[in-house]
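Next come the chains, spelled out residue by residue.
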Amino acid sequence: AGVQMLCNGNGHNRVVCGTPWPQLTAMLGGGMRAGQTTGVLAPSGVGKTTVVNHWAIHVAHAEGVKVGIISMEGDREELDTNITQTIFGCTGFETTSTEFAQLAEHVMVSELEGHKVPWQSVVQEAAAMIDNGAVLVVVDNLDFIMPRNNDRVHDIKSEAYAAIIELARKSHS
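Quantities reported herein were computed from a predicted structural model and do not represent experimental measurements.

Cut-offs and rules
Residues numbered from 1 in each chain as written. Predicted model: local features only at pLDDT ≥ 70, side-chain atom pairs only at ≥ 80, totals over all residues. Heavy atoms only, no water. Helix = DSSP H or I, 4+ residues; strand = E, 2+ residues; numbered from the N terminus. Expected span 1.5 Å × (residues − 1). Buried < 20%, exposed > 50% of the residue type's maximum accessible area, 1.4 Å probe, protein only. Contact = heavy atoms within 4.5 Å. Axes fitted to C-alpha atoms, helices over the stretch in contact; angles between N-to-C directions. Parallel < 35°, antiparallel > 145°, perpendicular 65-115°, else oblique. Left-handed = near helix turned anticlockwise from the far one by under 90°. Nonpolar A, V, L, I, M, F, W, Y, C, P; charged D, E, K, R; others polar. Arc of directions from axis to C-beta. Pairing = 2+ DSSP bridges. Core = buried A, V, L, I, M, F, W, Y, C linked by side-chain atoms within 4.5 Å. 1 Å grid on protein atoms, 1.4 Å probe; cavity = no way out; pocket = protein on both sides within 12 Å on 5 of 7 lines; lining within 4 Å. Points joined across faces, edges and corners; volume = space filled by probe spheres on them.

**Section: helix α5 (residues 119-131)**
Between its first and last C-alpha, α5 extends 19 Å over 13 residues, near the 18 Å set by a 1.5 Å rise per residue. Every buried residue belonging to α5 is among Trp119, Ser121, Val122, Val123, Ala126, Met129 and Ile130, and all of these are buried. In this fold, the buried residues of α5 make contact with β3 (66-71), β4 (107-109), β5 (134-140) and α6 (153-171).

Here you go:
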């Protein structure tokens with residue numbers, strides 16, 4: 001696969017990364033495109049987080065580009081463990097190996113933790129990752145930081161997702 005250029009030269013339609021799954025990459029027209037957002041929707045507990053983490057690690061490893069992971073589920077220790085297991089599962093690299101360390105340099109993991117930050121902080125974190133070279137930023141489950149028992153929760157969710165989509169469009173990432 002690898003990073004490739006398509007159509008116009010202004011970056012709006014270029015493929016920035018593929019997926020670990022050739023059929024999905026084909027369905028996406030060659031992979032994720034600059035300025036595009038893709039939602040992974042499924043019932044709770046079926047493996048969405050596993051899929052997006054695997055995807056991010058694959059992109060960092062196979063294509064040698066920077067990726068960002070912002071997860072609102074669980075705490076920092078749990079996220080670090082999940083990412084370490086994903087790197088090992090995708091590559092077989094032991095945590096003490098030089099290869100693991102080199103790959104880890106391409107993976108930016110957010111310091112934000114679920115239930116502790118406003119959604120605007122997630123957008124700022126994603127922007128910072130893009131500014132630091134991430135071509136793929138995974139935002140895993142904003143629902144965990146949405147206000148509970150709030151009459152405006154659906155409006156707030158829409159606002160949060162719209163801000164993330166706008167960030168992707170503006171940054172062409």
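**Observations regarding the packing of α5 against α6**
Closest axis-to-axis distance for the α5/α6 pair is 10 Å, and the angle between their directions is 10°. With respect to each other, α5 and α6 are oriented roughly parallel. In this structure, α5 crosses over α6, and the sense of that crossing is right-handed. Note on element contacts: α6 touches α5 through Ile156, Glu159, Ala160, Ala163, Ile164, Leu167 and Ser171, opposite Trp119, Val123, Ala126, Ala127 and Ile130. Its residues assigned to classes, the contact of α5 with α6 shows 10 nonpolar, 1 polar and 1 charged.

**Let's talk about helix α3 (residues 76-91)**
Along its 16 residues, α3 runs 22 Å from first to last C-alpha, staying within 8% of the 22 Å computed at 1.5 Å per residue. Within α3, the full set of buried residues consists of Arg76, Leu79, Ile83, Thr86, Ile87 and Thr91. Each buried residue of α3 sits inside an arc of 100° when the element is viewed along its axis, so together they form one side. Turned more than 90 degrees away from the buried face of α3, the exposed residues are Glu77, Gln85 and Gly89. Looking at the buried side of α3, the elements it contacts are α2 (48-63), β3, α4 (98-104) and β4. Positive phi appears at Gly92, one or two residues downstream of α3, with a value of about 85°.

**Observations concerning the sheet that holds β5**
With respect to topology, 3 strands assemble into an open sheet ordered β4-β3-β5, the strand pairing being parallel. The strands lining the two open edges of the sheet, one partner per strand, are β4 and β5. Averaged over all neighbouring strand pairs, the angle between strand axes comes to 15°, with direction disregarded. When β3 meets β5, the two strands line up parallel, connected through 6 bridges. Along β5, the bridge assignment pairs Ser71 with Asp140. Its contacts with the sheet put α2 on β3, β4 and β5, and the angle it makes with β5 is roughly 165°.

**Observations concerning the nonpolar core**
One finds Val59, Val67, Ile83, Val107 and Leu136 to be the most contacted residues of the largest nonpolar core, which totals 23 residues. Every element with two or more residues in this core is listed here: β1 (15-17), α2, β3, α3, α4 and β5. The element that contributes the greatest number of residues to this core is α2, accounting for 6 residues. Counting 20 residues, the second largest nonpolar core, distinct from the first, contains Val123, Ala126, Leu142 and Met146.

**What about the layout of surface pockets?**
Estimates place the volume of the largest pocket at around 870 Å³. Lining the largest pocket are 33 residues, and of these Thr38, Gly39, Val137, Val138 and Val139 sit closest to its centre. Counting residues per element, the ones that place at least two in the lining of the largest pocket are β1, β2 (32-33), α2, α5, β5 and α6. Of all the elements, β5 adds the most residues to the lining of the largest pocket, at 7 residues. Classifying every residue of the lining of the largest pocket gives 22 nonpolar, 6 polar and 5 charged. Approximately 210 Å³ is the volume attributed to the second largest pocket. Mapped by element, the contributors of at least two residues to the lining of the second largest pocket are α2 and α3. Residue contributions to the lining of the second largest pocket peak at 5 residues, all from α3. Each residue belonging to the lining of the second largest pocket can be placed in one class, and the counts come to 1 nonpolar, 7 polar and 4 charged.

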